Amino acid sequence: MPADSILKYIFAFCLVLSLSTAATSARAESGFSSGDTTKPAPSRNGMVVSEEKIATLVGLSVLKEGGNAVDAAVAMGFALAVTYPRAGNLGGGGFMLVHLGETGRTVAIDYREKAPLKATRSMFLDENGNVDIERSRHSVYSCGVPGTVAGLSLALEKYGTMPLEKVIAPAIKLAEEGFSVSAELRKSLLEAKERMKKSSEGMDVFFENNGEPPREGRILRQKNLAWSLKEISKNGSGAFYRGAIAKKITDYMKKEGGLITERDLASYEALIRKPVTGSYRGYSIHSMPPPSSGGVHLIQMLNILERYPLSRYGHNSARYIHILSETMKLAYADRSKHLGDPDFSPVPTEQLISKQYAKRLTNRINPQKATPSKYVKPGSPIPVGGTDTTHFTVADRFGNVVSNTYTLNFAYGSGLAVPGTGILLNNEMDDFSAKTGTPNAYGLIGGEKNSVAPGKRMLSSMTPTIVLKDEELFLATGSPGGSRIITSVLQVILNVIDHKMSIREAVAAPRVHHQWLPDILYVEKDAGKELGTKLQKKGYEVKRTGPIGSTQSVTRVNGVFHGAADSRHPGRLAQGY
Ligand code: DON
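This one's a predicted model, so the numbers in the text were calculated from it and none came from an experiment.

(A) Up close: the overall build of the protein chain. The helix and strand inventory of the protein chain stands at 20 helices and 20 strands. A globule of 577 residues ought to have a C-alpha radius of gyration of about 25 Å, and the protein chain, at 22 Å, matches this closely. The principal-axis extents of the C-alpha atoms in the protein chain amount to approximately 70 × 60 × 45 Å. Out of the 577 residues in the protein chain, the part that is buried amounts to 66%. Across the protein chain, every contact between residues at least 6 apart in sequence was considered, and the portion connecting residues at least 24 apart equals 74%.

Below, the structure is given as structure tokens:
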């Protein structure tokens, strides 16, 4: 047996071993009541947190094998494409923030999808000039050129220590041999069934002959996805962008009249960008720069909030939420005008995250009363929930930290899968502003800077974030949730820094969300009715809502890692060693 195959064999064996030992604790975790957060033992060597148990265990086994946080994160990125197909992906895109223990540097990897070169500004407008949401969300035109395979490969090549074939091996095994279907997976497939019906590949992979998703406990095998993963294992990301997988994607696009061509795939590149950085009460904040809006507005909001004695107001008091909501409105109003792909038009990042600008904005906040959002568009709904993207966080004993959010946009993306590959395609094109002033699926309004253009990256809210204290990890977090991602991340940070909560408490505490338009303050149901009444008196239209975000976080206190997987999501697992 050649040396590399032996290595692969040993690795697969170790994985199975650690999966079965850890499965015991995974089972124990699932016994927690909803409303509880998983309780991993604090640990010194490393911590892995994700929305899906098997993926957490894959990451953990890589760390135990001597891999670093990037090796573990890349293994998880591939594994989630198998075990968490609603958001884990090869056919989507995302952002990874990496803090390097050795140099103290933090880098941002942008593997966001791009508009195909044949995309046009008006491609989502019907003959009357109205946005055709069927086209932008559910058709073959909704698919951006995928970035995930390029992004994970780049991260590993630059900052990992293990070969690609080693970190991808667990995903191949899971796809080939299958894994047990959870109640949550079955439920999400039932919900997505109507949208997936038009894809024969999707139906073949995820539904049985009677058109039903597999029952809980059945083994789900994904042979075609295993083939795709093996191609990537053998030939690197080239397999996806120029090789056998590229051929299947472009054949599918030609057959369906889609826009993604050989040239789109061959020219796709993941990029290393400089994170946006700021400070908050003595901590340094590192987050995702444009084409995500997440980092810019997170720092902008922290800058405003730093000017208020929040801890004195008390966590989730009416006064506290009033200041939070007014701050959120200001940030999301700016988002609609100033943010887009910086490679296409300049984004005034430095101005938006400056302390002086925050001071000016603070003057616009009435301390007593809600200021109505100016350009209210009645009836622009934003969907409840938010687990159609996924975030995971890994920290290792070498001081490295990875905070990664990636997505297909909706659950199972466009619902379309490429025949022969098991790969689901994203519907990220809906994140562009199809028409100025018309909200996207998350109720977000955008302008010129986020209009569709060939080769452009659509604006995102994904906010993978790392907070450092004295140049070492203090907190790393991120979340799914569309427009609610930025405000979820914000509140975890405030809960830990201002309200002195443990990471578990910080994650579990009820959240609120305001995004300027629609002019509605969303308050999680657990927050209590009385609070809603007080906020209504301050002039808010308050809507009680289901879960806001699903944050996956790690803190490090006195050299010890603490992990918190969000109790809002059933399949989660935080585990250290
Ligand atoms: O990039 C974005 O901002 C969106 N495509 C994220 C979508 C998302 O979080 C869906 N999950 N609820």
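(B) Structural context of the packing of aromatic side chains. Considering all chains together, one arrives at six aromatic pairs under this definition. Residues Tyr-283 and Phe-474 carry aromatic rings whose centres are separated by 4.5 Å and whose planes lie at 40 degrees to one another, so their mutual orientation is tilted. Note that Tyr-283 is positioned in strand 8 (residues 283-287) and Phe-474 in strand 14 (residues 472-477), a separation of 191 residues in sequence. We note that Tyr-283, like Phe-474, is buried. With centroids separated by 6.0 Å and ring planes inclined at 85 degrees, the aromatic side chains of Phe-392 and Tyr-406 adopt a geometry described as edge-to-face. Of this pair, Phe-392 sits in strand 9 (residues 389-396) while Tyr-406 is found in strand 10 (residues 401-407), placing the two residues 14 residues apart along the sequence. Across this residue pair, the class does not change: Phe-392 and Tyr-406 are buried. Against the face of Tyr-141 rests Arg-135, its NZ or CZ located 4.0 Å from the ring centre. The positively charged end of Lys-469 is found above the aromatic ring belonging to Tyr-283, 4.8 Å away from the centroid.

(C) Broad picture of the domain arrangement of the protein chain. Domain boundaries assigned for the protein chain yield domain 1 (53-271 + 390-450) and domain 2 (272-388 + 461-576). With centres defined by C-alpha atoms, the gap from domain 1 to domain 2 works out at 25 Å. Summing the contributions of domain 1 and of domain 2, the shared interface buries around 4,100 Å²; its carbon and sulfur component is 65%. Taken together, the connections running from domain 1 to domain 2 amount to two salt bridges.

(D) Region of interest: helix 2 (residues 53-64). The end-to-end C-alpha distance of helix 2, which contains 12 residues, comes to 16 Å, matching closely the 16 Å that a straight helix rising 1.5 Å per residue would cover. Summarising burial for helix 2: 11 of the 12 residues are buried, a large majority. Those residues of helix 2 that sit buried are Lys-53, Ile-54, Ala-55, Thr-56, Leu-57, Val-58, Gly-59, Leu-60, Ser-61, Val-62 and Leu-63. Gly-66 sits one or two positions beyond helix 2 and adopts a positive phi of about 100 degrees.

(E) Geometry of the packing of helix 15 (residues 318-338) against helix 18 (residues 484-497). Axis separation between helix 15 and helix 18 bottoms out at 12 Å; the angle between their running directions is 140 degrees. On the basis of their axis angle, the class for helix 15 and helix 18 is oblique. Crossing handedness for the pair helix 15 and helix 18: right-handed. Here Tyr-320, Leu-324, Met-328 and Tyr-332 of helix 15 lie close against helix 18, whose contacting residues are Ile-486, Thr-487, Leu-490, Gln-491, Leu-494 and Asn-495.

(F) Local environment of the side chain of His-513. With respect to the element layout, His-513 can be found in strand 15 (residues 512-513). For His-513, a relative accessible area of 0% puts it in the buried group. Within polar-contact distance, the side chain of His-513 engages the side chain of Gln-515 at 2.9 Å.

(G) How the structure looks around the sheet that holds strand 15. In spatial order, the strands read 15-16-17; together these three strands make up an open sheet with mixed pairing. Of all the strands in the sheet, just strand 15 and strand 17 (542-545) have a single pairing partner and so form its edges. Where strand 15 and strand 16 (residues 521-524) come together, two bridges link them in antiparallel fashion. Pairing of Val-512 across the sheet is with Val-523, part of strand 16.

(H) Examining the confidence of the model for the protein chain more closely. Counting all residues, the mean pLDDT for the protein chain is 91, and 91% of those residues have values of 70 or more. Across residues 1-37, where pLDDT falls below 50, the model places 46 contacts with residues more than four positions away in sequence or in other chains. For residues 375-385, every residue scores under 50 in pLDDT, and the model assigns this stretch 30 contacts once sequence neighbours within four places are set aside.

(I) Examining the site of the ligand more closely. In the vicinity of the ligand there are 15 residues, among which Thr-389, Glu-428, Asp-431, Ser-460 and Ser-461 approach most closely. A distance of 2.8 Å separates a nitrogen atom of the ligand from a polar atom in the side chain of Asn-409. Contact with the protein chains hides 97% of the accessible area of the ligand, taken as 340 Å² for the molecule alone. Looking at the shell around the ligand, its residues break down into three nonpolar, eight polar and four charged. Formed jointly, the shell around the ligand draws a minimum of three residues from each of two domains, domain 1 (53-271 + 390-450) and domain 2 (272-388 + 461-576).

(J) Quick peek at the pairing of strand 10. In terms of residue burial, strand 10 counts as a mostly covered element, since seven of its seven residues are buried. Of the two faces of strand 10, the one holding Val-401, Ser-403, Thr-405 and Thr-407 and the one holding Val-402, Asn-404 and Tyr-406 are both buried throughout. When strand 2 (residues 93-99) meets strand 10, the two strands line up antiparallel, connected through seven bridges. Along strand 10, the bridge assignment pairs Gly-93 with Thr-407. In textbook terms, the turn of a hairpin is the stretch between consecutive antiparallel strands, and for strand 9 and strand 10 this stretch comprises four residues, one of which, Gly-399, has a positive phi near 90 degrees.

(K) Structural context of the pattern of salt bridges. Under the counting rule described, the total for this entry stands at 30 salt bridges. Ionic pairing is found between Lys-534 and Glu-530, a salt bridge with its closest N-O pair at 3.8 Å. Here Lys-534 and its partner Glu-530 are both found in helix 20 (residues 529-537), four residues apart, which amounts to about one turn of the helix. A relative accessible area of 43% means that Lys-534 is categorised as partly exposed. Judged by relative accessible area, Glu-530 falls into the exposed class, the value being 59%. Salt bridges sharing partners connect three or more residues here, namely Asp-110, Arg-273, Asp-343 and Arg-457.

(L) A look at the nonpolar core. Phe-78, Leu-90, Met-96, Leu-229, Phe-240 and Val-394 are the most contacted members of the largest nonpolar core, which has 86 residues in total. Top element by residues in this core is helix 3 (residues 69-83). It accounts for 12 residues. Ignoring any residue separated from it by four or fewer positions in sequence, one finds Val-394 in contact with Met-47, Val-48, Leu-63, Ala-69, Ala-72, Ala-73, Met-76, Asn-400, Val-401 and Val-402. Ile-304, Tyr-313, Ile-365 and Tyr-442 belong to the second largest nonpolar core, which has 83 residues in total.

Procedures and definitions
Per chain, residues are indexed from 1 in the order of the written sequence. Reporting in this predicted model follows two pLDDT cut-offs: at least 70 for local features of residues, and 80 or more for side-chain atom pairs to be given and counted; totals over whole chains, interfaces and linings ignore these cut-offs and use all residues. As a convention, hydrogens and water are excluded, and side-chain values are obtained from all of the structure's heavy atoms. The secondary structure listing takes helices from DSSP runs of H or I that are at least 4 residues long and strands from runs of E that are at least 2 residues long, numbered from the N terminus. Values of the radius of gyration come from C-alpha atoms, whereas the globule rule sets the reference at 2.2 Å times the count of residues to the power 0.38. Relative accessibility thresholds used throughout: buried, under 20% of the residue-type maximum; exposed, over 50%; partly exposed, between the two (1.4 Å probe, protein chains only). Here a residue-residue contact requires only that any non-hydrogen atoms of the pair lie within 4.5 Å. Here a pair means two rings of Phe, Tyr or Trp (six-membered ring of Trp) with centres within 6.5 Å. Their orientation is stacked below 30 degrees between planes, edge-to-face above 60, and tilted elsewhere. Any Lys NZ or Arg CZ found within 6 Å of a ring centre and within 35 degrees of that ring's normal is scored as a charge over the ring. An automatic or database domain assignment provides the domain bounds reported here. Accessible-area loss on putting two parts together, using a 1.4 Å probe and summing over both, is the definition of buried area adopted here. Any carboxyl oxygen of Asp or Glu within 4 Å of a side-chain nitrogen of Lys or Arg constitutes a salt bridge here. Each residue after the first adds 1.5 Å to the expected span of a helix. For helices, the fitted axis covers only the stretch in contact; all axes are lines through C-alpha atoms, and the angles between them, taken along N-to-C directions, range from 0 to 180 degrees. Every angle not falling under 35 degrees, over 145, or within 65 to 115 is termed oblique; those three ranges are roughly parallel, roughly antiparallel and roughly perpendicular. By the definition used in this description, the sense in which the near helix is turned from the far one sets the handedness, with an anticlockwise turn below a right angle giving left-handed and a clockwise turn giving right-handed. Any pair of nitrogen or oxygen atoms within 3.5 Å is treated as a polar contact; in protein, a donor-acceptor pairing is required on top of that, and neighbouring residues in sequence qualify only through side-chain atoms on both sides. Here a strand pair is declared whenever DSSP counts at least two bridges between the two strands. Scored between 0 and 100, pLDDT is the confidence that the predictor attaches to each residue. Any residue with a heavy atom positioned within 4 Å of a molecule or strand is treated as near that molecule or strand. For accessible areas, the Shrake-Rupley method is used with a probe of radius 1.4 Å. Any residue's cover is judged against the shown protein chains and nothing else. Lys, Arg, Asp and Glu make up the charged group, whereas Ala, Val, Leu, Ile, Met, Phe, Trp, Tyr, Cys and Pro make up the nonpolar group; the residues left over, Gly among them, are polar. As used in this record, nonpolar core signifies buried Ala, Val, Leu, Ile, Met, Phe, Trp, Tyr and Cys residues forming a set joined through side-chain atoms within 4.5 Å.

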